[in-house]
Amino acid sequence: VTIRVIPPKYTGEAAYDLRSGLTVAEAPAGSAFEFHITTNKPVVKAELWRGANRLDDAVTRVDETQWIGHDRPSGSADYQFHLTDQLGLSSQSERSRPTVLSVRLIPTRPPKVVLKVRGVGDTVTPEAVLPIQIECSNTYGLASAELVQESTRLTQGPKVTPIEGLEPRRKQFTRTLSLLLSPLGLQPADRYSLSVRASDYDD
């Protein structure tokens, strides 16, 4: 058996084969798998089972001794092939121990964001300039990073501004900015909050 892992598109990674004979695979959530098997004798029927459930139309015949099973599970799972040869003999019997193929899906973590406002307390003037440092990271690459400003003065809702300089699929991104508050038209006693949000390619 050879297990092929097909990572989901959000990872940006190409499909790859595990070393022949390995029966356990770990991959990011959303991955699909192909199980390439070669039998020691001609087989006329091959079924792929996930746990106690037979998967319909999940096996492709290459030739009488080579078959490919495929599935995209929603969670970690164990698989078995049920094989039948030309004499009607089955691979499922008390004398033969079935080969179990296991896949473990690893949940992806959301992007990590750190926002630092240096040398500034929790009270500022409406004309303040905030020196901010932004750090964003993600295992499989960032899709976007945005600055979010909120205030009771902003009646149309939060002001969201894309942070310039982020290259697609970059895994680490750091930016230092001088943020002017004057364009917001804030008045004394207004409340103001600042945050950063980032997204990856996992839908």
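Sequence positions are assigned chain by chain, starting from 1 and proceeding in written order. Where local features are concerned, this predicted model is filtered to residues with pLDDT of at least 70; where side-chain atom pairs are given and counted, the filter is 80 or more; whole-chain, interface and lining totals use all residues. Hydrogens and waters are ignored; side-chain quantities use all the structure's heavy atoms.

(A) Broad picture of the overall build of the chain. Counting its secondary structure elements, the chain contains 0 helices and 16 strands. For 203 residues, the compact-globule estimate of 2.2 N^0.38 gives 17 Å, and the chain exceeds it by more than 25% at 27 Å. Expressed along its principal axes, the backbone C-alpha trace of the chain runs to roughly 90 × 25 × 25 Å. Buried residues are those whose accessible area, probed at 1.4 Å on protein chains only, stays under 20% of the maximum for their type, while exposed residues exceed 50% and partly exposed ones sit between those limits. Taken across its 203 residues, the chain has 33% of its residues classed as buried. Numbering of helices and strands runs from the N terminus; a helix is a DSSP stretch of H or I covering at least four residues, while a strand is a stretch of E covering at least two. Atoms counted for the radius of gyration: C-alpha only. Globule rule: 2.2 Å times residue count to the power 0.38.

(B) Fine view of the sheet that holds strand 14 (residues 159-162). One open sheet holds the 3 strands; their spatial order is 14-13-16, and the pairing between them is antiparallel. With partners counted over all chains shown, the strands left at the sheet margins are strand 14 and strand 16 (192-200), one partner each. Neighbour to neighbour, the strand axes of the sheet diverge by 25° on average, direction disregarded. Here, strands pair whenever DSSP counts at least two bridges between them. When strand 13 (residues 142-151) meets strand 16, the two strands line up antiparallel, connected through 9 bridges. Following the sheet pairing, Gln-149 is matched in strand 16 by Leu-194. To define axes, lines are fitted to C-alpha atoms, for helices over the stretch in contact only, and angles between the resulting N-to-C directions are given on a 0 to 180 degree scale.

(C) Molecular detail of the packing of aromatic side chains. Classification of ring pairs uses Phe, Tyr and Trp, with its six-membered ring standing for Trp, and accepts pairs whose centres are within 6.5 Å; under 30 degrees between planes counts as stacked, over 60 as edge-to-face, and the remaining range as tilted. Going through the model one piece at a time under the given rule, you end up with 3 aromatic pairs. On the numbers, 5.9 Å between centres and 80° between planes, the contact of Tyr-10 with Tyr-140 is edge-to-face. A residue pair is termed long-range when its members are at least 10 positions apart, and Tyr-10 in the loop between strand 1 (2-6) and strand 2 (16-17) and Tyr-140 in the loop between strand 12 (129-137) and strand 13 qualify at 130 residues. Relative accessible area serves as the criterion here: at 9%, Tyr-10 is assigned to the buried category. Aromatic pair Phe-35 and Tyr-79: ring centres 4.8 Å apart, planes at 45°, arrangement tilted. Within this pair, whereas Phe-35 is found in strand 4 (residues 32-38), its partner Tyr-79 is found in strand 9 (residues 77-85), the two being separated by 44 residues in sequence. An aromatic cluster is built from Phe-33, Phe-35 and Tyr-79, whose rings are joined through pairwise contacts. Its end group placed over the ring of Tyr-201, Arg-169 keeps NZ or CZ at 4.1 Å from the ring centre. Any Lys NZ or Arg CZ that is within 6 Å of a ring centre and within 35 degrees of that ring's normal is treated as a charge sitting over the ring.

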